Amino acid sequence: MYNFIINFSYLVASILFIFGLKGLTHPRTAVRGNLLGACGMLLAVVVTLTDQHIISYEYIILGLVVGGAIGAVLAIRIEMTSMPEMVALLNGFGGAASIFVAGAALIEGSSLTDSPILQLTIATAASGLIGAVTFWGSLVAFGKLKGLISENAILFSGQQVLNSLLALMVLGLSIGVVLNPESFSLYWMLVGVASVLGVLLVLPIGGADMPVVVALLNSYSGLAAAATGFVLSNNVLIITGSLVGASGIILTHIMCKAMNRSLTNVLFGVMGPSGEGGQTADEVYGGKVKSASPEEVALLFDAARRVAIIPGYGMAVSQAQHPVASLAALLETRGTTVEYGIHPVAGRMPGHMNVLMAEADVPYDALKDMDDINQTIDQVDVALVIGANDVVNPLARTDPSSPIAGMPIIDVDKAKIVVVIKRSLSPGFAGIPNPLFALDNSLMLFGDGKKMVLDIIAALKDS
Amino acid sequence: MEMFLMSFTVFVLAIFVGFEIITKIPPTLHTPLMSGSNAISGITLVGAIVSTGTELWVTTVLGFLSVVLASINVIGGFMVTNRMLAMFKKKT
């Protein structure tokens, strides 16, 4: 009877998680969805606290209070521009939690779980392995996003060989854990080697590919939880872990598609400089780039009836989202239609730009997906590109030898006038010049994103 | 073996449910989706709690560490997701 109540509560919790995710299919129902998920978690935790195996509560309560407090402080204090770091860190903690729970289960052996011994050991090895790769991979991703480690791809010779050797070691140690479950040191060796592998797998991945990595590690953290579910024969862990795993895989796939690259290419391939036929920066820009002042740009906006704003990671870096939203609001009071064109990989994680614009009070229906904005971009009078580069580079359409060939882009070059706010003509992550800047209908506004937008607003108000 | 097959069935079906729901989530909400799914993957907490409460000190230590980590995920994840979604909600 007791087991029935526990398992029934876990079922209810799983259903609440599923409804919670379903709530996220629309911004109107999303807050409620998140609350449903939280209720499911509360139920699962409360029911677990009645478990008969528990003989003392001090450390449980202490852990909940310490972890809860850290989580609450993080959640309240984090800047919206730093959401990718926060998510990377949380992914990592999920992975680490799986390592320890599986490690503890291995020590307890079959006293805590009804799992058959083979399932217990295989799942424990999987939890330790996936958990360690997730934890250390996420820490490296966090370091890169935070600027503690170079954002560039870090490469050294023999990297692939070393990784393959480590992978073989991991495989061997996993088999060792399965065959000798009573030898705990094998498990911790497995965790150790998988940790090194986790670091080495993420180090060679560059900054602009971070959306893929963060999404993939999100998936791993779910799979680690699912593996722990197999260790404990606990369905709520298996169900939740699979949901999160599926979510991460889908996001990874969307991100890869938005860069027209395969996952293996992102993880192992290096984006080289453009091959034969690629033009140098001088050939592309030479004498053709026109620079404008904020006042001139204000005049263009003054005459425009339809404006599209294309934000990129540079907008997040200069914290320009609030001025950009003010500019849009000002234009709208003057009868101009303003839309935002959001490229799927703009920023450092899926949906990064959307969150920033929402923070600045932009209504979500003004945020258009790439496909939507491209359908009407030729009717746009002024397209304002702020802090984006590769995602608006027309070479993706025109030059099959370019490293970004075939990547879907926002076709701002088809707008009547393009204004690009950028510090300099330096290339984006792909390392290639952007002919957009040299087009007849393009104007460059060189400077810091936030300052330039504020200057445009001031000039508009004066006119 | 039968036990494993039952668990595996649940695993596979849950992945299908996940795919069905998550493909319908609009790109606008992808960041809250990630932080929200982080929060629910903190369900490892359930296993962590039991390990912490048992007799052996080794498992209590391991359990305690995972309770801390998983509750950071749960509380941090749900709270930050709520904070973000509230921003999407206003001005509709």
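Because the structure is predicted, anything quoted here is derived from the model rather than measured. (Residues numbered from 1 in each chain as written. Chains lettered and ligands numbered in written order. Predicted model: local features only at pLDDT ≥ 70, side-chain atom pairs only at ≥ 80, totals over all residues.)

Peer 1: Teacher, can you tell me more about the overall build of chain A here?
Peer 2: Along chain A, the regular secondary structure elements total 18 helices and six strands. Against the compact-globule benchmark of 23 Å for 463 residues, chain A has a radius of gyration of 25 Å, which places it among compact chains. C-alpha atoms of chain A, sized along the principal axes, occupy 75 × 50 × 35 Å. Every one of the 463 residues in chain A was classed for burial, and the buried ones make up 54%. By sequence separation, contacts in chain A at least 24 residues apart represent 79% of the contacts at least 6 residues apart. (Helix = DSSP H or I, 4+ residues; strand = E, 2+ residues; numbered from the N terminus. Rg over C-alpha atoms; globule rule 2.2 N^0.38 Å. Buried ≥ 20, exposed ≤ 12 C-beta atoms within 10 Å, placed from the backbone. Contact = placed C-beta atoms within 7 Å.)

Peer 1: Quick question: what am I supposed to make of the pairing of strand β1 (residues 306-311) of chain A here?
Peer 2: Every other side chain in a regular strand lies on the same face of the sheet, so the side chains alternate between the two faces. Residues and elements named next belong to chain A. A large share of β1 lies buried, amounting to five of its six residues. When β1 meets strand β2 (residues 337-342), the two strands line up parallel, connected through four bridges. Across the sheet, Ile309 pairs through a bridge with Tyr340, a residue of β2. Where β1 and strand β4 (residues 382-386) come together, five bridges link them in parallel fashion. (Pairing = 2+ DSSP bridges.)

Peer 1: How should helix α1 (residues 2-23) of chain A be read in this particular structure?
Peer 2: An α-helical turn contains 3.6 residues, so any two residues separated by three or four positions project in the same direction. Taking 1.5 Å of rise per residue, 22 residues should cover 32 Å, and α1(A) covers 32 Å from first to last C-alpha, within 8% of that figure. By the burial criterion, the buried members of α1(A) are Tyr10(A), Ala13(A), Ser14(A), Leu16(A), Phe17(A), Ile18(A), Gly20(A), Leu21(A) and Gly23(A). The elements touched by buried residues of α1(A) are α2 (27-49) and α9 (235-258) of chain A together with α1 (2-22) and α2 (30-41) of chain B. (Expected span 1.5 Å × (residues − 1).)

Peer 1: Teacher, can you tell me more about the nonpolar core here?
Peer 2: For soluble globular proteins, nonpolar side chains are generally found buried alongside one another. If you look at the biggest cluster of nonpolar residues, it comprises 195 residues, and the most contacted ones within it are Leu190(A), Ala383(A) and Val385(A). When residues in this core are grouped by element, the largest group, 17 residues, is from helix α4 (residues 57-89) of chain B. The contacts of Ala383(A), once residues within four sequence positions are left out, are Ala308(A), Ile310(A), Ile377(A), Val412(A), Ala415(A) and Val418(A). (Core = buried A, V, L, I, M, F, W, Y, C linked by C-beta atoms within 7 Å.)

Peer 1: Looking at this structure, I do not really get the confidence of the model for chain B. What am I missing?
Peer 2: Should pLDDT be low for a region, the predicted coordinates there are not to be read in detail. Per-residue confidence for chain B gives a mean pLDDT of 91, with 97% of residues at or over 70. As scored by the predictor, the complex reaches a pTM of 0.90 and an ipTM of 0.95. (pLDDT = per-residue confidence, 0-100.)

Peer 1: Where do I start with the environment of Ala281(A) in this structure?
Peer 2: All names here are of chain A. By secondary structure assignment, the location of Ala281 is in helix α11 (residues 281-285). With 153 residues separating them along the chain, Ala281 and Asn434 place their C-alpha atoms 8.1 Å apart. Look past the residues within four positions of Ala281 in its chain and what remains in contact with it is Leu425 and Pro433.

Peer 1: Sorry if this is basic, but what is going on with the sheet that holds strand β6 (residues 442-446) of chain A here?
Peer 2: Residues and elements named next belong to chain A. Strands sit in the order β3-β2-β1-β4-β5-β6 across an open sheet of six strands; the sheet is parallel. For this open sheet the edge positions go to β3 (367-369) and β6, each flanked by a neighbour on one side alone. Each adjacent strand pair in this sheet contributes to an overall mean axis angle of 25 degrees, direction not counted. Here five bridges tie β4 to strand β5 (residues 417-422), and the two strands are oriented parallel to one another. Paired with Val382 across the two strands is Ile417, which belongs to β5. (Axes fitted to C-alpha atoms, helices over the stretch in contact; angles between N-to-C directions.)

Peer 1: Hey, could you run me through the packing of helix α6 (residues 159-179) of chain A against helix α7 (residues 184-202) of chain A in this one?
Peer 2: Each pair of packed helices gets described by two things: the angle between the helix axes and the distance between those axes. Residue and element names in this part refer to chain A. In the contact formed by α6 and α7, the axes pass within 9 Å of each other and the chain directions differ by 155 degrees. Comparing the axis directions of α6 and α7 gives the class roughly antiparallel. α7 is crossed by α6, and the crossing has left-handed handedness. Where α6 approaches α7, its residues Leu162, Asn163, Leu166, Ala167, Met169, Val170, Leu173, Ser174, Gly176 and Val177 are matched on the opposing element by Leu186, Tyr187, Met189, Leu190, Val193, Ala194, Val196, Leu197, Leu200 and Leu201. Partitioning the contact of α6 with α7 into residue classes produces 17 nonpolar, three polar and no charged. (Parallel < 35°, antiparallel > 145°, perpendicular 65-115°, else oblique. Left-handed = near helix turned anticlockwise from the far one by under 90°. Nonpolar A, V, L, I, M, F, W, Y, C, P; charged D, E, K, R; others polar.)

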